[in-house]
Structure formats: structure tokens, C-alpha cells
Amino acid sequence: MRFLDVKTDYAFKKVFGSIESKNILIEFLNAIIYQNSNIKISDLTIVDPYTVPMLKGMKDTFVDVKAQLDNDTTVIIEMQVLHHEAFEQRILYNAAKNYSIQLNKSEEYHLLNPVIALTIVDFTMFDNEQVVNRFKLLEKETFINYSDDIELIFVELSKFHKTEDELQDIKDQWIYFIKNAGSLEYIPKNFNDQIKSALNIVNEANLTKDELEAQHKRKEFISIQKLAVLKAKNDGFEQGIEKGIEKGIEKGIEKGIEQGIEKEKLTIAQKSIQQGLDNTTIALITGLQEEQIELLRH
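The model shown is predicted, which means the values in this text are computed figures rather than measured ones. (Residues numbered from 1 in each chain as written. Predicted model: local features only at pLDDT ≥ 70, side-chain atom pairs only at ≥ 80, totals over all residues. Heavy atoms only, no water.)

1. Here's the deal with the packing of helix α8 (residues 279–286) against helix α9 (residues 290–297)
At a minimum axis separation of 9 Å, α8 and α9 run at an interaxial angle of 115°. Of the two elements, α8 crosses α9, and the hand of that crossing is right-handed. Of α9, the residues touching α8 (which contributes Asn279, Thr280, Ile282 and Ala283) are Glu290, Ile293, Glu294 and Arg297. For the contact of α8 with α9, a count of residues per class yields 3 nonpolar, 2 polar and 3 charged. (Axes fitted to C-alpha atoms, helices over the stretch in contact; angles between N-to-C directions. Helix = DSSP H or I, 4+ residues; strand = E, 2+ residues; numbered from the N terminus. Left-handed = near helix turned anticlockwise from the far one by under 90°. Contact = heavy atoms within 4.5 Å. Nonpolar A, V, L, I, M, F, W, Y, C, P; charged D, E, K, R; others polar.)

2. Quick word on the packing of aromatic side chains
Enumeration over the complete set of coordinates arrives at 10 aromatic pairs. Measuring from centroid to centroid gives 5.4 Å for phenylalanine 28 and tryptophan 174, while their planes differ by 70°, and the two rings are edge-to-face. Highlighted residues: phenylalanine 28 in helix α2 (residues 22–32) and tryptophan 174 in helix α4 (residues 170–180), separated in sequence by 146 residues. Each of the two residues, phenylalanine 28 as well as tryptophan 174, counts as buried. On the numbers, 5.8 Å between centres and 85° between planes, the contact of tryptophan 174 with phenylalanine 177 is edge-to-face. Taken together, the residues span about one helical turn, with tryptophan 174 and phenylalanine 177 both in helix α4 at a distance of 3 residues. No difference in accessibility class separates tryptophan 174 from phenylalanine 177, as the two residues are buried. Each residue in the set Phe12, Phe16, Phe28, Trp174 and Phe177 is aromatic and connected to the rest through ring pairs, giving one cluster. (Phe/Tyr/Trp six-rings, centres within 6.5 Å; stacked < 30°, edge-to-face > 60°. Buried < 20%, exposed > 50% of the residue type's maximum accessible area, 1.4 Å probe, protein only.)

3. Quick look at the nonpolar core
Within the largest apolar cluster, 52 residues are counted, with the highest numbers of intra-cluster contacts made by Phe16, Phe28, Leu29 and Phe177. With 7 residues, the top contributor of residues to this core is α2. Beyond its immediate stretch of four places on either side in the chain, leucine 29 contacts Tyr34, Ile41, Leu44, Leu69, Val75, Ile77 and Leu118. (Core = buried A, V, L, I, M, F, W, Y, C linked by side-chain atoms within 4.5 Å.)

Now the structure itself:
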């Protein structure tokens, strides 16, 4: 058996954001968000379910799914494969925006319902060993809870190293599934039934030629972006060493890194323009200003 890489947008939305994904998503959210809680999701509505069989373009290196829970909580589930500039600010902004748009003019604040931003990343964000990190509003010294209305949850796949035999609970199984589905050759017998259902959804044997082609293009696009970022770092380091020999190692490395990264940003932007991406998306990927990108187009 061969399975799609769930970290790509096509497979991720097919598993978690399609019309038939409801029970899978309930099981996943209960495992990741509410595993050690008395709260359990029994029902939810997937907002704007993913039904398009083919992707029209290659706009982003992230994909999100939004669900309305039976307790009126909104959960935004996002899969992000590259750590772009201002990524943390975008996650917070997106959660705050979804919180604020609940009210119409003149409606009372007590009508606001909680928002949870669940972000799965294929890189390391925090300097600790925890795979799952949760953030909410607390008093700095005494940790008094101010509000549970906005919560940010991050799952860092890069910190998850358990093998199939080492998985301890349903949460481990889901994280293992997202990280490793693309390299599995069979459906593990001890997996939860909903994870087995998810693997059947991304089983290449059950997909059309067009669906497989869409997945291939997404993986290729993401690989190009990862290589571009890596090249920018390497070029910056090499140029930094050269400058360091001439003008002082410390200052030269810093300057060289900046120049290498800036040059590679322009290269990525030019390639993205050729791929048909819009200025806003390219700005998110590269950190360039939209005005700079518009100049590149001409």
C-alpha cells in the first residue's frame, strides 16, 4: 500500500475538511484538544467543506480547516510546512479575527464564543521538548487565568520521534499518522478506527489519476520552497564567511546572511510569480513587501 503525505494541502483537507470527514475530525480534536478534559465533542459542523477535486493553483504552504463545535467553540486547524516571516503573528491575528467577527453591530460581548487555533507545524518553534504546546491569557507572575476565549495550540512534528511500537495513546497515534502517513506501507492493526478510515481516504489505490497528479504537484511545490529556504541559509553563511575574512568574521557573517537571504527571497518571489501566485501569498512566503513583488512582475 501507498498513502498520500497528509502534510500537503490536498491530502490534509481530504482527510479533515471534506464533507465525509466529520467523524474523523471529531475523533482527532478530542484526542489533541480534549484528551485530558471532561469536555468531549459529540458533534461539529465543518465550515466551507473542501469539495474541489483539483487545486487550481499553488498558493500557499499552509492549509486550514474550520469547524464549529457543538458547544459553539470555533476551531481553526492549520497545517504549516514552512516557517515564514511573521508566522506567529499571523496565527494570533487569525484567531483574534475569528473571535471578533462573531458579533454584529450593537450585539453584546457576552455572546462571544471561544476560538481555538490548532496549528500543526513541520518544524520546531519552541525551545522545549514538548510536542504539544498550549497558550492562553494568564497573569504573568501568579498564572491566574484571565480567559479561555482564545487558545493557541501548536503541534510540532519535528519533535515527535516515537516509532509505531512506542505509541502510548490515541494522541500519539494521530500525530504519528500526520507525520508518517506518506511513508507507511500498511494500515497498523492497533490504530484507532477513525485513523484507519483516514488512511483509507489517502490510500493511493482509492484515488484517480488526476488526484494523484494534484498531490504530486503540491509535494513538488513544497519541496522547492524548502530547498529555496535552505539554499538561502547556506548562501548567507558562505557569503558571511567571505565577508568575515575581509572585514571581520562576526560582522561579515551577519551581513552575508542578510544578503544571501534577501537575494533568495527575490529568487523565490520570481519563481512564485511564474507559478501564478498572487502578491499577498508571495509576501507571506518570502516576507517581501507587496510593492516589491509588484515591481518584480514588471
